[in-house]
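Report on the structure
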Amino acid sequence: MKYLSEYREPKIIKSLISEIKNTLTKEWNIMEVCGGQTHSLLKYGFDEIFQPKINYVHGPGCPVCVTSVELIDKVIYLSQKQNTIITSFGDMLRVPGSDSDLLHQKSIGADIRVVYSPMNALEIAENNINKEVVFFAVGFETTAPLIASTVDLAYNKNIKNFSIICANVIVPPAVEFVLSDKESKIDGLLAPGHVCTITGLKDYVNISDEYKIPVVITGFEPYDLLQGTLNCIKLLEKKKFAVVNKYTRSVTQNGNKKAIEIMNSVFKIVDRNWRGIGIIPNSGLELKENYTSFNAENKFKIPEFSKSEEKECISGLILRGLKKPYECKYFGKECTPENPFGATMVSSEGACAAYFKHKVNYNNQN
Ligand code: SF4
């Protein structure tokens with residue numbers, strides 16, 4: 001296939017849907033790891049079309065959703081300092097901290113700028129040498145190489161007024177955390193194609209072997225998701241497990257060597273607190289000692305913040321695949337994208353936002 005439209009071609013989609021229906025003999029719980037995949041599944045109605053045989057369980061793959069309250073509180077604290085510019089991806093501005101969010105801080109005068117790349121943040125630092133510029137580094141393995149390159153460039157250019165609050169996380173430890181939960185009923189995984197484009201397949205081969213489940217590397221278009229689902233249930237129905245790469249237009253066995261190299265040279269792996277989930281061992285990235293002067297947490301005296309999260313928001317259970325957004329009593333009533341209680345309603349990749357956007361029925365019923 002050459003053009004995007006081919007991945008949405010109705011004839012092909014119809015035939016894949018029939019093949020999946022004809023293959024299914026039992027009920028299966030399949031977790032799509034990435035929030036982008038959740039949005040596509042809901043948008044095209046695939047979550048309903050195979051019911052009750054396939055229950056799609058939504059995974060933890062939304063970096064905005066899992067950024068901890070305490071890190072947001074730290075960025076809010078820095079935004080209140082004089083001569084400081086905070087730079088961030090737009091999605092983070094409305095995510096609630098303990099008492100406020102970055103958008104509110106901006107409205108009361110903080111210099112907070114939305115950037116589309118960490119390189120934009122570095123340019124702002126170079127153009128404002130009398131100010132401190134802090135980049136709120138959020139993302140999975142997809143954005144980490146660019147953030148690493150930016151920090152490395154700042155190091156080589158000897159730029160002194162640039163630093164980052166590092167909230168980067170990596171996907172495989174979170175997937176393992178979810179799978180090892182006693183309450184988990186996940187039978188198979190649709191793994192995130194964009195992340196595997198960087199990392200390759202190794203981590204997912206280990207996960208498949210350890211938990212004895214099929215893992216299909218999948219993209220985001222209807223064709224991708226249906227191919228992923230079909231290959232997953234074919235293995236499940238035969239009681240087999242393996243890793244299948246159905247995103248070959250982007251993912252190779254060993255991933256992107258250069259991206260992995262720059263990540264490994266700038267970052268080390270640390271434990272990280274995932275919002276709503278808790279500490280997941282070896283799931284976060286932090287700057288290595290060589291780059292410590294670019295770590296805003298070291299550079300500035302930032303007080304410790306309590307880790308209070310929104311009461312009664314069940315986004316943690318949703319991110320662990322144990323609940324669906326419509327099971328939350330606030331969904332679509334008090335909690336909406338205009339007035340979000342939790343990060344899964346704020347983020348464009350969040351599961352609550354996906355249900356609110358694509359599931360009119362759930363909105364009306366709740
Ligand atoms: S609907 Fe709102 S309160 Fe409920 S889980 Fe989602 S973000 Fe949290």
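Each remark here, short or long, concerns the structure printed above.
Reference entry: report on the structure contained in this document. Quantities reported herein were computed from a predicted structural model and do not represent experimental measurements. (Residues numbered from 1 in each chain as written. Predicted model: local features only at pLDDT ≥ 70, side-chain atom pairs only at ≥ 80, totals over all residues. Heavy atoms only, no water.)

With respect to the sheet that holds strand β3 (residues 84–88)
- Spatially, 4 strands are ordered β4-β3-β5-β6 in an open sheet, and the strand pairing comes out parallel. The outermost strands of the open sheet, each flanked by one partner alone, are β4 (111–114) and β6 (162–166). On average, each strand axis in the sheet is tilted by 25° relative to the strand beside it, whichever way the strands run.
- Bridge count for β3 against β4 is 4 bridges, and the pairing is parallel. Within β4, the residue paired with Ile 86 across the bridge is Ile 112.
- Most of the contacts of helix α8 (residues 144–156) go to β6, to which it runs at about 150°, and overall it touches β5 (132–137) and β6. (Pairing = 2+ DSSP bridges. Helix = DSSP H or I, 4+ residues; strand = E, 2+ residues; numbered from the N terminus. Axes fitted to C-alpha atoms, helices over the stretch in contact; angles between N-to-C directions. Contact = heavy atoms within 4.5 Å.)

Side note on the site of the ligand
- Residues in contact with the ligand, as listed here, are Cys 313, Ile 314, Ser 315, Ile 318, Cys 328, Phe 331, Cys 335, Phe 341, Gly 342, Thr 344, Met 345 and Cys 352.
- When atoms are counted within 2 Å of each cavity's grid points, the one that captures over half of the ligand is the largest cavity.
- The set of elements that each furnish at least two residues to the shell around the ligand consists of α15 (315–319) and α16 (343–346).
- For the shell around the ligand, the class distribution of residues is 9 nonpolar, 3 polar and no charged. (Near = heavy atom within 4 Å. 1 Å grid on protein atoms, 1.4 Å probe; cavity = no way out; pocket = protein on both sides within 12 Å on 5 of 7 lines; lining within 4 Å. Sits in = over half its atoms within 2 Å of the grid points. Nonpolar A, V, L, I, M, F, W, Y, C, P; charged D, E, K, R; others polar.)

Notes on the pairing of strand β2 (residues 54–61)
- Burial of β2 is extensive: 7 of the 8 residues sit out of reach of the surface.
- Pairing of strand β1 (residues 28–34) with β2, which is carried by 6 bridges, proceeds in the parallel orientation. Residue Trp 28 lies in a different strand from β2, and its bridge partner there is Ile 54. (Buried < 20%, exposed > 50% of the residue type's maximum accessible area, 1.4 Å probe, protein only.)

Details of the state of the cysteines
- For the coordinates displayed, the defined rule picks out 1 disulfide.
- Paired by a disulfide, Cys 62 and Cys 65 hold their sulfur atoms 2.3 Å apart. Taking the sign of the S-S torsion, about 75° here, the bridge from Cys 62 to Cys 65 comes out right-handed. Considered together, Cys 62 and Cys 65 belong to a single accessibility category, that of buried residues.
- There is no disulfide at Cys 34, and the cysteine sulfur nearest it, in Cys 62, is 8.4 Å away.
- Residue Cys 34 is classed as buried on the basis of its relative accessible area of 2%. (Disulfide = S-S within 2.5 Å.)

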